Amino acid sequence: MSQKNKGILCILCSAFCFALMNMFVRMSGDLPSIQKSFFRNFVAMIFAVIIMNRNQIKFGWKKSNLKYFLIRSVFGTVGILCNFYAVDHLMISDASMLNKMSPFFAVIFSYLILKEKIRMPQALFVIGAFLGSLLVIKPTFSNMDLIPSLIGLMGGFGAGVAYTYVRKLTMNGEKGAVIVCFFSGFSCLATLPFLILNYHPMSLMQIIILLAAGLSAAGGQFSITAAYSYAPAREISVYDYSQVIFAAILGFLFLGQIPDLLSWIGYLVICSMAIGMFLYNSRER
């Protein structure tokens, strides 16, 4: 299997896992987003430690890469908190689509950070995707979901920056398991003070659901890290949009959610921009 095909397979697996995570986060009920985030990252950290022990990977990094680990972790934590807030206040398909603006942000920051060139058609696809996101956000003062939608878009921004630094770290020789472990541990430490000050008691079912969310997140995190280590974002990011399809199906089957017409049009526009960018990149190669 080619490196690109490995990346495609990993990113499809990641999309399904993250759709499952969003469903479990919504099903866990009325708990603070920070509390949900802590459990998600704690499970992912344990999972990463097990993988590292099994593969005899030492927890360490090159000194020159520490700043990239920190930047990846800060933006990744912001992305998770914003995404969880959006999942709790929007339909999970809408929240997933706003979070899936991350590949377009990744393209922008790949240009700014990794110096990967952006041609005019690629810039137009990014602009088109942003315009499509407005159909999902519906930016009117009468829209009660405006603030959660903007926070969901901010989650996509944070994730886009984080994934750019994932690629930077893998290009610098860091192992995917170490990246996941560092990020998960950082997020747990960052959210722990807020969790202690504002802890909400949970039922056994809520604990089980959040553990399932954490396991799904771990699968998604390892898959997306592997995907971007196999191939650059411009080649495989289009397949990440399958998460919206998975989320819409899961939301309908388990939560009874049906997106409105404008949201469907927004999905179509954003996915069309993603496909257009993928075809353009393929032709250029």
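Everything quoted here is computed from the prediction, not taken from an experiment.

1. A few points about the overall build of the chain
Point 1. Counting its secondary structure elements, the chain contains 12 helices and zero strands.
Point 2. Reading the helices (α) and strands (β) of the chain from amino to carboxyl end gives α-α-α-α-α-α-α-α-α-α-α-α.
Point 3. Here the chain has a C-alpha radius of gyration of 18 Å; the compact-globule value for 285 residues is 19 Å, and the two agree.
Point 4. Projecting the C-alpha coordinates of the chain onto the three principal axes gives extents of approximately 50 × 50 × 30 Å.
Point 5. Looking at the chain as a whole, 55% of its 285 residues are labelled buried.
Point 6. When contacts within the chain are restricted to residue pairs at least 6 apart in sequence, long-range pairs at least 24 apart make up 89% of them.
Point 7. Of the accessible surface of the chain, which amounts to about 13,000 Å², a share of 71% is contributed by carbon and sulfur atoms.
Point 8. Distance between charge centres in the chain, computed from 22 positive and 10 negative side chains, equals 13 Å.

2. Let's talk about the nonpolar core
Point 1. Counting 65 residues, the largest nonpolar core has Met-21, Met-97, Met-101, Phe-104, Tyr-163 and Ile-236 as the members making the most contacts within it.
Point 2. For this core, the element with the highest residue contribution is helix α1 (residues 3-27), accounting for 10 residues.
Point 3. Grouped together as the second largest cluster of nonpolar side chains are seven residues, Leu-31, Phe-38, Cys-188 and Met-202 included.

3. Here's the deal with helix α2 (residues 33-54)
Point 1. Compared with the 32 Å implied by 1.5 Å per residue over 22 residues, the 32 Å span of α2 between its first and last C-alpha is a close match.
Point 2. Note on α2: the residue one or two positions beyond its end, Gln-56, has a positive phi of about 55 degrees.

4. A word on the packing of aromatic side chains
Here the distance between the centres and the angle between the planes together describe a pair of aromatic rings.
Point 1. Scanning the model with the defined rule gives 10 aromatic pairs in all.
Point 2. Grouping aromatic residues by their ring pairs yields a cluster made of Phe-59, Trp-61, Phe-69 and Phe-182.
Point 3. The ring of Phe-183 is capped by Arg-72, whose NZ or CZ atom sits 4.1 Å from the centre of that ring.

5. A closer look at the pattern of salt bridges
Point 1. By the definition in use, this model includes one salt bridge.
Point 2. For Asp-88, the salt bridge goes to Lys-36, with nearest N and O atoms at 2.6 Å. Residue Asp-88 is found in helix α3 (residues 66-89), and its partner Lys-36 is found in helix α2; the two are separated by 52 residues along the sequence. Take Asp-88 and Lys-36: they sit in the same class, and that class is buried.

6. Quick look at the environment of Ser-28
Point 1. Here Ser-28 is to be found in the loop between α1 and α2.
Point 2. Residues Ser-28 and Ala-226 lie 198 residues apart in sequence; the distance between their C-alpha atoms is 28 Å.
Point 3. Setting aside anything within four residues of it in sequence, one finds Ser-28 in contact with Lys-36, Gln-206, Ile-209 and Leu-210.

7. Points about the packing of α3 against helix α7 (residues 146-171)
Point 1. Where α3 contacts α7, the axes come no closer than 7 Å and their chain directions differ by 150 degrees. Here α7 runs roughly antiparallel to α3, going by the angle between their axes. In terms of crossing hand, the pair formed by α3 and α7 is left-handed.
Point 2. Class assignment of the residues belonging to the contact of α3 with α7 gives a composition of 17 nonpolar, seven polar and two charged.

8. Structural notes on unusual backbone geometry
Point 1. In this structure, Gln-56 takes a positive phi of about 55 degrees despite not being glycine.
Point 2. For Gln-56, the location among the structural elements is in the loop between α2 and α3.

9. What to know about the confidence of the model for the chain
Point 1. The share of residues in the chain with pLDDT of 70 or more is 95%, and the mean pLDDT across the chain is 83.
Point 2. No element of the chain has a lower mean pLDDT than helix α10 (residues 233-236), which averages 70, and none a higher one than α3, which averages 90.

10. Details of the packing of α2 against α3
Point 1. Put simply, α2 and α3 touch, their axes get as near as 9 Å, and they point 120 degrees apart. Classified by the angle between their axes, α2 and α3 sit oblique to one another. Seen along the crossing, α2 lies across α3 with a hand that is right-handed. Residues Ser-33, Ile-34, Lys-36, Ser-37, Arg-40 and Asn-41 of α2 pack against Ile-80, Leu-81, Phe-84, Tyr-85 and Asp-88 of α3.
Point 2. For the contact of α2 with α3, the per-class residue count stands at five nonpolar, three polar and three charged.

11. Thoughts on a nonpolar patch on the surface
Point 1. Taken together, the side chains of Met-27, Ile-245, Ile-249, Phe-252, Leu-253, Phe-254, Ile-258 and Trp-264 define a hydrophobic patch exposed on the protein surface, amounting to about 870 Å² of accessible area.
Point 2. Tallying contributions element by element places helix α11 (residues 242-255) first for the nonpolar patch, with five residues.
Point 3. Positionally, Phe-252 belongs in helix α11.

Cut-offs applied
Residues numbered from 1 in each chain as written. Predicted model: local features only at pLDDT ≥ 70, side-chain atom pairs only at ≥ 80, totals over all residues. Heavy atoms only, no water. Helix = DSSP H or I, 4+ residues; strand = E, 2+ residues; numbered from the N terminus. Rg over C-alpha atoms; globule rule 2.2 N^0.38 Å. Buried < 20%, exposed > 50% of the residue type's maximum accessible area, 1.4 Å probe, protein only. Contact = heavy atoms within 4.5 Å. Areas by Shrake-Rupley, 256 points an atom, 1.4 Å probe, with all protein chains shown as cover. Lys, Arg positive; Asp, Glu negative; His and termini not counted. Charge placed at Lys NZ, Arg CZ, Asp CG, Glu CD. Core = buried A, V, L, I, M, F, W, Y, C linked by side-chain atoms within 4.5 Å. Expected span 1.5 Å × (residues − 1). Phe/Tyr/Trp six-rings, centres within 6.5 Å; stacked < 30°, edge-to-face > 60°. Lys NZ or Arg CZ within 6 Å of the ring centre and 35° of its normal. Salt bridge = Lys/Arg side-chain N within 4 Å of Asp/Glu carboxyl O. Axes fitted to C-alpha atoms, helices over the stretch in contact; angles between N-to-C directions. Parallel < 35°, antiparallel > 145°, perpendicular 65-115°, else oblique. Left-handed = near helix turned anticlockwise from the far one by under 90°. Nonpolar A, V, L, I, M, F, W, Y, C, P; charged D, E, K, R; others polar. pLDDT = per-residue confidence, 0-100. Patch = residues over 30% accessible without salt bridge, like charges linked within 9 Å, V, L, I, M, F, W, Y side chains within 5 Å.

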